Amino acid sequence: MTKRRNFIKTAGGLGVAGLLAGCTSDNNDNSGGGDGDGTPTATDEPTATPTEVPYNDGRLTFYMSPSEPQQLMESQYAPVKSHLEEETGVQTRLNYAAGYSAVLQSLGGGSGDVAETGPFAAALGVKEDRCDVALQRYAYGSWEYSSVIVTQEGSDIESLSDLEGERVAFADRLSASGALFPLYMLKEAGLNIGDLPTDSAGANFTPQFSSHAEAFAALERGQVAAAGVGKFITLNDARELKDGFRYVETYDGIPRAPVIVSPELSDEEKSEVTQAFLDAPDSVYYGEDGEEGTDDDLWFSDVREASVEDYQPVVDVATELGISAELLDG
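Remember, predicted model here, so these are calculated numbers, not experimental data. Position labels on residues start from 1 in each chain and follow its written sequence. For a predicted model such as this one, the threshold for reporting local features is a pLDDT of at least 70, and the threshold for listing and counting side-chain atom pairs is 80 or more; totals across whole chains, interfaces and linings nevertheless cover every residue. Excluded from the side-chain calculation are hydrogens and water; included are all heavy atoms of the structure.

K.L.:
Hey, could you go over the pairing of strand 1 (residues 60-64) for me, with residue numbers and the actual values?
P.N.:
A 1.4 Å probe rolled over the protein chains alone gives each residue an accessible area, and that area as a share of the maximum for its type sets the label: buried under 20%, exposed over 50%, partly exposed in between. Under the scheme used here, helices are H or I runs from DSSP no shorter than 4 residues and strands are E runs no shorter than 2 residues, and both carry numbers assigned from the N terminus. For strand 1, the buried fraction is high: 5 of the 5 residues fall into the buried class. The side-chain alternation of strand 1 yields two buried faces, one formed by L60, F62 and M64 and the other by T61 and Y63. A pair of strands is treated as paired once DSSP finds two or more bridges between them. Bridging between strand 1 and strand 3 (residues 114-116) involves 3 bridges; their strand directions are parallel. Bridge pairing in strand 3 places M64 opposite E116.

K.L.:
Go over helix 6 (residues 176-188), please, and point to the residues and values.
P.N.:
For helix 6, a buried count of 11 out of 13 residues is recorded, marking the element as mostly surrounded by other parts of the structure. Of all the residues in helix 6, the buried ones are A176, S177, G178, A179, L180, F181, P182, L183, Y184, M185 and L186. Its side-chain oxygen 2.8 Å from the backbone nitrogen of G178, S175 forms the N-cap of helix 6. Two residues or fewer after helix 6 comes G190, characterised by a positive phi angle close to 100 degrees. As used in this structure description, the phrase polar contact means that two N or O atoms lie within 3.5 Å; if the pair is within protein, one of them must be able to donate a hydrogen and the other to accept it, and residues adjacent in sequence are counted only when both atoms belong to side chains.

K.L.:
So what's going on with the environment of V224? Residues and values would help.
P.N.:
Within the fold, V224 resides in the loop between helix 7 (212-220) and strand 8 (226-230). For V224, a relative accessible area of 7% gives the class buried. Here V224 is in contact with R167, V168, A169, Q208, A218 and L219, once residues within four sequence places are set aside. Whether two residues touch is decided by their heavy atoms; if any such pair falls within 4.5 Å, the residues are in contact.

K.L.:
Lay out the side chain of Q136 in plain terms, naming residues and giving numbers.
P.N.:
Looking at the secondary structure, you find Q136 in strand 4 (residues 132-138). Among the residues examined, Q136 registers a relative accessible area of 3% and is labelled buried. A polar contact of 3.0 Å, which involves the side chain of Q136, links it to the backbone oxygen of W143. If we skip the residues at most four places from it in the chain, Q136 touches W143, P255, R256, A257, P258, D302, V303, R304, A306 and Y311.

Next up, the structure:
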């Protein structure tokens, strides 16, 4: 098994190389029996041939990043689980992760095999040799999506500068649309973001991090003045902004989130998983009830092969904010 790691260019020219160490032993000692020329006799015990276990532990473990509630995501990804089992011939397990860092730690350590995650988390994960980008997802007619800073319709927040001194909710610290781009928008508007998303000291607003769903829920409850989230979480079934809210600022053109795989997988296993997604029927996106247009549909409807280079715009913004891969262990 080989491991490849060529991280994309950044302003600092960062790169990480994967290292695979091997070990050998010299078995030329004939003292254990034989004819003295290395040929074993009938009294020699045969050497056992190790059997490689597929997908690290014989199961394919798929991690879901916590962008929506666990029960909903388990229902959404149920057909994906079944399809992967059919295509790979091994049991597939769905795991709901505590956060993006947990996803990357699991894939990097070999306890996870494939995951759906955010663009920023994936880019940092590749840099730290914790994942490979395999696929990009497609939804609502585009390979790109938007980040928004949203407030309640009747609030006094008219511009981003009005958020000085206010409490603002964000998604996971490693979320592109729910942290990275909202913080970039705030900085561009002249607010001091300090060392966010790692350290709030110096910021002239109070951040709170959770998930897209919880950040928007905090806004609904009136606990925060605004929320920086992926636009998708603010929309109703008609793909329009939910009643009672308005956008303060929007950032368009973010490459849609990837599907990533563990660097511990063999090239054959990576190819098998990738091809399974590419060959999946439309029904794999319809959720557990198997019906299109219901509440448990997946938010995306197609995938294409991708690499970390496709997420360069995300890395550029992270570089502009001075964010490093140390955030993964924060």
